[in-house]
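Residue-level structure breakdown
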Amino acid sequence: PFPAGAPSDLVGRVIGQKLSELMGQNFVPDNRAGAGGNIALTLTANSPPDGYTVAVSSPSVAISPSLYKKLGYNAATDLVPVARLASIENVMVVHPSVPAKTLKEFIALARSKPGVLNYGSGGAGTTNHLANELLKTLEKLNIVHVPYKGATLATVAAISGEVDQTVVSTASILPLIRDKKVRPVVVLSEKRVPTLPDVPTSTEAGYPKFRMSIWYGMLAPAGTPREVISRINQAVFKALGDKTIQQRMEAQGITPWPGTAEEFGELIKSETVRFAGIIKSAGITPQ
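Remember, predicted model here, so these are calculated numbers, not experimental data.

**Considering the pairing of strand β6 (residues 183-187)**
The element β6 is largely enclosed, with a buried count of 4 among its 5 residues. Bridge count between strand β2 (residues 79-94) and β6: 4 bridges; the pairing is antiparallel. Looking at β6, one finds that V93 is bridged to P184.

Here is the structure:
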């Protein structure tokens, strides 16, 4: 659902290469970016349910029902989960000029200057947008949202000081943190990220509800035979159990997180409810 080089693309290509080897079928990446991932998910929902078309979805499948009045598909009836694949943690980073070095300090700074601090996002409904809206709701903060056409541009804005802060995937921001272009404040998860071992989690910082992981899973058109789904799922588990694949993913800040079709289905359901609450609290109007 996203362009080449995006995290979902990285996840799909790494796993797809191994699945090609394991299943004797070529998995060909087909990037259909646009509309927050909905172009690709609509295409998948409308494809023949024969196992030859699958989508590598991010949380967009759980976010979109609350963001759009009309979608080209119904996630609950037109798509079926195949496998949970991986996760990437988000990290809050600030421009070096921002004096806050911890989440507690950032919250105190924002509270002392209502409406002064701002944050960049990849656009309405992205996880880096909803993460900050969640923080604003939890801590009753007034921080200005500056949307960009993609998380990459929001990151560039944080580097230049155009915005004070952004929440971005650890996979994409790691080189910039190492070059001290931005300062990491907190990882929005329960467990620390191996590639950022010195950065505390939101749970450790005392804000356990402030979490926003980016997860990935495989979806197929509704009606895809159960035996086909089971075959692909078993191959996914084998692929993600391969040490070389694990090392390739972890080197890019991606955590392998294999799961059954049922586990991925439950994740989508629970996250759909959670994101609906965040979007409602933020006062975001469906488009």
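**Remarks on the packing of helix α3 (residues 60-67) against helix α10 (residues 261-281)**
Two quantities define a packed helix pair, namely the angle between the helix axes and the distance between the axes. It is at 8 Å that the axes of α3 and α10 come closest, and there the two elements cross at 40°. Classified by the interaxial angle, the pair formed by α3 and α10 is oblique. The element α3 and its partner α10 pack so that their crossing is right-handed. Contact residues: α3 offers V61, A62, I63, S66 and L67, while α10 offers I268, E271, T272, F275, A276 and I279. Tallied by class, residues from the contact of α3 with α10 come to 8 nonpolar, 2 polar and 1 charged.

**Focus on the nonpolar core**
If you look at the biggest cluster of nonpolar residues, it comprises 43 residues, and the most contacted ones within it are M92, L103 and F210. Of all the elements, α10 adds the most residues to this core, at 6 residues. Excluding anything up to four places from it in sequence, F210 contacts M92, L103, A131, L134, L135, L138, V186, L188 and S202.

The rules behind these values
- Residues numbered from 1 in each chain as written.
- Predicted model: local features only at pLDDT ≥ 70, side-chain atom pairs only at ≥ 80, totals over all residues.
- Heavy atoms only, no water.
- Buried < 20%, exposed > 50% of the residue type's maximum accessible area, 1.4 Å probe, protein only.
- Helix = DSSP H or I, 4+ residues; strand = E, 2+ residues; numbered from the N terminus.
- Pairing = 2+ DSSP bridges.
- Axes fitted to C-alpha atoms, helices over the stretch in contact; angles between N-to-C directions.
- Parallel < 35°, antiparallel > 145°, perpendicular 65-115°, else oblique.
- Left-handed = near helix turned anticlockwise from the far one by under 90°.
- Contact = heavy atoms within 4.5 Å.
- Nonpolar A, V, L, I, M, F, W, Y, C, P; charged D, E, K, R; others polar.
- Core = buried A, V, L, I, M, F, W, Y, C linked by side-chain atoms within 4.5 Å.

These figures capture arrangement, not role.
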